Structure formats: structure tokens, C-alpha cells
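Given next are the chains, with one letter for each unit.
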Amino acid sequence: MKRGSWAAELERVRVEADDDVVHVRVLMGIGMPESTIYRRCRDDGPWTLMAPATIRLSTGTPTRRQLVRAGLVYAGDQALVTGLDAARAHRLRRGELPPAVHLLVPEGMRVQSTPTIRIERTKRLAPGLVRDGLPVASVERSVLDAVRRMRDRSDIAAILTEPVQRRMILVETLVDELEAGSRRGSAIPRAVLRAVGDGVRSAAEFDFHTWWTAHTELPRGVAFNVRLTDTTGLLGIADAYLPEVGLVLPIDSTEHHFTTLGQVVETERQHRAYRSAGLHVFGVRPGRIDGDSAGLLRDILDAIRVAESLPTPLVRWQPDLPRSA
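What counts and what doesn't
- Residues numbered from 1 in each chain as written.
- Predicted model: local features only at pLDDT ≥ 70, side-chain atom pairs only at ≥ 80, totals over all residues.
- Heavy atoms only, no water.
- Helix = DSSP H or I, 4+ residues; strand = E, 2+ residues; numbered from the N terminus.
- Rg over C-alpha atoms; globule rule 2.2 N^0.38 Å.
- Buried < 20%, exposed > 50% of the residue type's maximum accessible area, 1.4 Å probe, protein only.
- Contact = heavy atoms within 4.5 Å.
- Areas by Shrake-Rupley, 256 points an atom, 1.4 Å probe, with all protein chains shown as cover.
- Axes fitted to C-alpha atoms, helices over the stretch in contact; angles between N-to-C directions.
- Parallel < 35°, antiparallel > 145°, perpendicular 65-115°, else oblique.
- Nonpolar A, V, L, I, M, F, W, Y, C, P; charged D, E, K, R; others polar.
- Salt bridge = Lys/Arg side-chain N within 4 Å of Asp/Glu carboxyl O.
- Pairing = 2+ DSSP bridges.

K.L.:
Outline the overall build of the chain, supporting the account with residue identities and numerical values.
P.N.:
For the chain, the helix and strand inventory stands at 14 helices and 13 strands. Taken against the 2.2 N^0.38 rule, which gives 20 Å for 325 residues, the C-alpha radius of gyration of the chain at 26 Å runs more than 25% over that of a compact globule. Principal-axis analysis of the C-alpha atoms gives the chain an extent of 90 × 40 × 35 Å. For the chain, the proportion of its 325 residues judged to be buried stands at 50%. For the chain, long-range pairs separated by at least 24 residues make up 59% of all intrachain contacts whose partners lie at least 6 apart in sequence. Total accessible area on the chain stands at roughly 16400 Å², and carbon and sulfur atoms take up 52% of it.

Below, the structure is given as C-alpha cells:
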């Protein structure tokens with residue numbers, strides 16, 4: 001096949017391409033005929049058409065980053081990545097990536113969604129941040145955009161609690177962002193954020209918070225993620241704590257207590273410290289919340305009675321993070 005002057009420039013374009021993805025106009029700008037570009041994107045060709053006028057200079061299965069980059073090339077310079085792909089760029093880990101990349105564009109743009117690129121027009125397109133080499137929305141916008149179309153409360157809680165748990169943002173920032181955005185899909189995130197405001201920091205803790213609140217037989221006033229101290233210093237940060245009787249309720253999730261040897265050692269150290277200070281400890285396995293609710297209720301009521309029978313522990317507690325009044 002006879003090639004024009006574009007052939008000499010193609011390697012330079014490939015080197016300068018973002019994640020091997022370029023717009024058709026870039027290739028045409030080096031003199032490559034439009035017909036040749038699309039011919040090379042046929043099934044037996046060396047390139048891939050990722051979206052309208054958006055070319056990947058290779059074949060095979062694209063990486064997730066190439067999908068994100070294709071969305072940005074297709075949507076234009078004003079687009080921002082949001083949702084879980086943006087959360088990943090912010091170094092957040094929780095949540096399963098959806099099939100389509102989620103992008104924000106200014107309200108007046110006419111670019112359309114594709115099967116792998118979800119375009120959302122918005123009046124609230126704040127200046128983007130550059131994270132991992134990508135223009136992305138803020139942490140709070142990213143995670144809330146991710147959960148608005150989700151329905152599983154535990155999945156939503158896992159995503160919304162992570163940036164708070166990791167001290168990246170305050171829960172108030174999430175609440176403000178939720179109120180500023182669309183009301184559509186906000187009911188469950190709003191309920192989750194109320195629990196996060198109470199100190200909940202994980203999906204397992206959210207499930208336990210919901211379970212405890214639903215049982216009127218249980219006392220009110222259980223506190224989540226509080227620092228427990230005595231005259232020796234910090235005993236640990238309790239997942240849940242009933243101050244009136246000195247009952248510590250660790251939520252024994254694998255993610256936070258048993259994934260690594262270090263977590264196991266620290267969990268055991270904390271339990272010993274709690275007991276040495278006169279606190280009663282009852283570990284809650286998350287699977288019992290749904291799988292053995294009645295049995296869990298009986299066991300916790302028994303644990304409360306045991307704690308009540310013990311001498312009053314000289315232990316102080318306070319929230320791990322400042323909380324709204």
C-alpha cells in the first residue's frame with residue numbers, strides 16, 4: 001500500500017498519544033486520509049475504533065485506563081472523569097467498576113453517550129483536579145456520582161465511608177455535595193451519610209448500625225469509632241461502644257481486622273487492653289447480622305447483662321474524628 005507523508009509522522013504521533021489513544025483529527029492533521037484511518041480500524045486492521053472519531057493505535061482488549069482515556073479524547077478538553085474511575089485516580093479502592101466510564105461535560109455540549117462512555121451534562125462543572133495524569137472531579141463529587149444509581153445500601157456505604165475513614169474528607173463535605181446535586185438517587189446515600197455522621201466507617205459497621213437501630217430492645221446511645229483511654233493511655237479505637245455499661249463491640253470484618261498478620265496482632269492487643277481496663281468485649285461477625293439476627297440479639301443482650309455486672313470501668317471515650325452537633 002502506498003503511503004503518504006503521514007507515514008513518517010506516525011511514530012511521533014504514537015509516542016505523543018495519551019495511553020495509545022488519539023482523535024481522528026490528530027491523524028488527519030499529519031496528512032493521513034480519513035478513509036485510511038477508518039480502514040485501519042476494521043476487524044483485520046492494526047487499530048481499534050473506541051468511540052466516534054476516537055482511535056486506539058493497537059488491537060486486543062483495552063485496559064481500563066485506555067477506556068477512560070478514550071472517553072476523555074471523545075468528550076473533549078472540558079470533560080472530567082467522575083464516579084469510580086475518578087475515585088481510583090484519587091487512590092480509593094472500594095466499589096466494583098461499572099462497564100461504562102462516567103464523564104462530566106458542560107451543560108451545553110451535545111456529545112452523546114456510548115455503550116462504554118456515560119456522558120453527564122452538568123451546570124456544576126467545578127475546575128478539575130489532575131490525579132494519576134487524568135482530569136477528575138473532586139473526591140466528594142466522584143463517590144457521590146458513583147452511588148446515585150446504586151441501590152445496595154452496603155455497597156453504597158462501602159464507597160462513601162472509605163474517604164472519611166482515610167481522613168481524605170469530612171462527612172460534612174459529602175453532605176454538602178449531596179445537597180448541591182440532583183435529588184435523583186439521593187435517598188439511600190442520605191441515609192448512609194447520617195450513619196457516617198454517627199461515626200460509621202465501613203459497610204459492615206453500617207449494616208450493624210442499621211440492625212441496632214431497628215431493634216428497640218437494645219439501648220440507644222451506642223457510639224461508633226471512638227477512642228478509648230484510661231490512665232495508661234490509648235486502649236484502642238472501638239468499632240462500636242456502649243458507654244453506659246462499658247461494652248466494646250468490635251465488628252470482626254476480615255477487611256479491617258484479619259487481612260494481614262499485623263491486623264490480627266493489633267486486634268488481639270486491643271482486646272487485651274480493653275479487658276485489662278475492665279471493659280467487656282463481645283465481637284460481632286458481620287455474617288450474623290442477616291444470617292443469625294435473632295441469635296445475635298440474644299447474645300448482645302447477654303453481653304450487656306454481663307457488662308452491667310462488672311465494676312464500672314474508669315475509661316474515657318471520644319469520637320475518632322470531630323462530628324457535627
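Structure shown, so let's carry the discussion forward.
K.L.:
Which residues make up the packing of helix α10 (residues 203–214) against helix α14 (residues 293–309), and what values do they have?
P.N.:
Where α10 meets α14, the axes come as close as 12 Å, and the angle between the chain directions of the two elements is 80 degrees. Classified by the angle between their axes, α10 and α14 sit roughly perpendicular to one another. For the pair formed by α10 and α14, the contact residues are F208, W211 and W212 on the first element and S293, L296, L297, I300 and I304 on the second. Of the residues assigned to the contact of α10 with α14, the class counts are seven nonpolar, one polar and no charged.

K.L.:
Describe the pattern of salt bridges, with residues and values.
P.N.:
One side chain can pair with another of opposite charge once the charged atoms of both are near each other. Following the criterion strictly, the structure yields 18 salt bridges and no others. Linking E177 and R141 is a salt bridge whose minimum nitrogen-to-oxygen distance equals 3.9 Å. Here the residue E177 occupies a position in helix α8 (residues 171–180), and R141 occupies one in helix α6 (residues 139–147), the gap between them amounting to 36 residues. On the basis of relative accessibility, which here comes to 7%, the residue R141 falls in the buried class. One salt-bridge network, held together by shared partners, links D19, R65, R69 and D132.

K.L.:
Run through the side chain of S186, naming residues and quoting values.
P.N.:
Structurally, the position occupied by S186 is in the loop between α8 and α9 (187–197). With sequence-adjacent residues up to four places away left out, S186 is seen in contact with R148 and L178.

K.L.:
Mind laying out the sheet that holds strand β9 (residues 223–230), listing which residues take part and the relevant values?
P.N.:
Pairing is mixed across the open sheet formed by five strands, whose spatial order is β12-β11-β10-β9-β13. Where the open sheet ends on each side, the last strands, each with one partner, are β12 (280–281) and β13 (316–319). Alignment of β9 against strand β10 (residues 233–242), held across seven bridges, turns out to be antiparallel. The partner of R227 across the bridge, within β10, is I237. Against the sheet, helix α12 (residues 261–276) engages β9, β10, β11 (247–248) and β12, with an angle of about 90 degrees to β10.

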